[in-house]
Amino acid sequence: MRKARTYPVRIKINGQWRETAVKAGETLLHTLREKLGQTEVKEGCGKGDCGACTVLLDGKAVNACLTLTLQAAGQEVTTLKGIGTPQKPHPLQESFVKHGAIQCGFCTAGMILAAKALLDRTPHPSREEIREGISGNLCRCTGYQKIIRAIEAIAVQGSRFHKNRSR
Ligand code: FES
Ligand code: FES
């Protein structure tokens, strides 16, 4: 049997260029988790329904399970590790903790990246815009109110917090 052809790709992940080889149909989720060790990107439904795998692709929130790695070639991918660390958490991470918006934590990485993408394009979103911004991200634990409050708290502080501390 002939081996499936692979293609070299270069992707900037959290500020660092990384290289690997992928098959034509390989998803960004698979490449990030299985080949590049970015296990902070979570795998939930694997078909675009839950948002757990959300990453930023050139600043835009996308489902990594629906994005082909070849589509991300030459572009910048940001995962949760790219916006905050335990030593220097992103303001959204601090706000999620403060507002009790994290329970099991499975949705959190995707939720925070979706919120960051929203705040980067709309620094002062209405509650409705926040709901819309995270509408692709499911949370089975919190009932969403605490998550919305956590995002709102950052939104009212203004964009300087989340933009100035993008890493
Ligand atoms: Fe990608 Fe659920 S794992 S949307
Ligand atoms: Fe458990 Fe959201 S905190 S799924």
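Calculation rules
Residues numbered from 1 in each chain as written. Chains lettered and ligands numbered in written order. Predicted model: local features only at pLDDT ≥ 70, side-chain atom pairs only at ≥ 80, totals over all residues. Heavy atoms only, no water. Phe/Tyr/Trp six-rings, centres within 6.5 Å; stacked < 30°, edge-to-face > 60°. Lys NZ or Arg CZ within 6 Å of the ring centre and 35° of its normal. Pairing = 2+ DSSP bridges. Helix = DSSP H or I, 4+ residues; strand = E, 2+ residues; numbered from the N terminus. Axes fitted to C-alpha atoms, helices over the stretch in contact; angles between N-to-C directions. Contact = heavy atoms within 4.5 Å. Buried < 20%, exposed > 50% of the residue type's maximum accessible area, 1.4 Å probe, protein only. Polar contact = N/O pair within 3.5 Å; in protein donor to acceptor, adjacent residues only side chain to side chain. Left-handed = near helix turned anticlockwise from the far one by under 90°. Nonpolar A, V, L, I, M, F, W, Y, C, P; charged D, E, K, R; others polar.

K.L.:
Account for the packing of aromatic side chains, with residues named and values stated.
P.N.:
Summed over all chains, the structure comprises zero aromatic pairs. Positioned above the aromatic ring of Trp-17, the side-chain terminus of Arg-10 is 4.5 Å from the ring centre.

K.L.:
Tell me about the sheet that holds strand 1 (residues 6–13), residues and numbers included.
P.N.:
Across the sheet, which stays open at both edges, the five strands sit in the order 2-1-5-3-4 with mixed pairing between neighbours. Each end of this open sheet is capped by a strand with a single partner; those strands are strand 2 (16–23) and strand 4 (60–63). On average, each strand axis in the sheet is tilted by 40° relative to the strand beside it, whichever way the strands run. Bridge count between strand 3 (residues 54–57) and strand 5 (residues 76–78): two bridges; the pairing is antiparallel. Bridging across to strand 5, Leu-56 finds its partner in Thr-78. Sheet strands touched by helix 1 (residues 28–35): strand 1, strand 2, strand 3 and strand 5. Its angle to strand 2, the strand with the most contacts, is close to 115°. Of the strands in this sheet, strand 3, strand 4 and strand 5 touch helix 4 (residues 108–121), which is tilted by about 35° from strand 3.

K.L.:
An account of the side chain of Thr-67 is requested, with residue identities and associated values reported.
P.N.:
Considering the arrangement of structural elements, one finds Thr-67 in the loop between strand 4 and strand 5. Among the residues examined, Thr-67 registers a relative accessible area of 7% and is labelled buried. In terms of polar contacts, Thr-67 uses its side chain to reach the backbone carbonyl oxygen of Asn-63, at 2.8 Å. The contacts of Thr-67, once residues within four sequence positions are left out, are Glu-26, Thr-27, Leu-28, Leu-57 and Val-62.

K.L.:
Describe in detail helix 3 (residues 91–98), supporting the description with residues and values.
P.N.:
Of the residues making up helix 3, those classed as buried are Pro-91, Leu-92, Gln-93, Ser-95 and Phe-96. Within two residues after helix 3, Gly-100 carries a phi angle of roughly 65°, on the positive side.

K.L.:
So what about the packing of helix 4 against helix 6 (residues 145–157)? Which residues, and what values?
P.N.:
Two numbers describe how helix 4 lies on helix 6: the axes approach to 11 Å, and their chain directions differ by 35°. Regarding helix 4 and helix 6, the two cross each other, and that crossing is right-handed. From helix 4, Met-111, Ala-115 and Leu-119 reach across to helix 6, where they touch Ile-147, Ile-151, Ile-154 and Ala-155. In terms of residue class, the contact of helix 4 with helix 6 is built from seven nonpolar, no polar and no charged.

Scope: geometric values only; no functional claims are made or implied.
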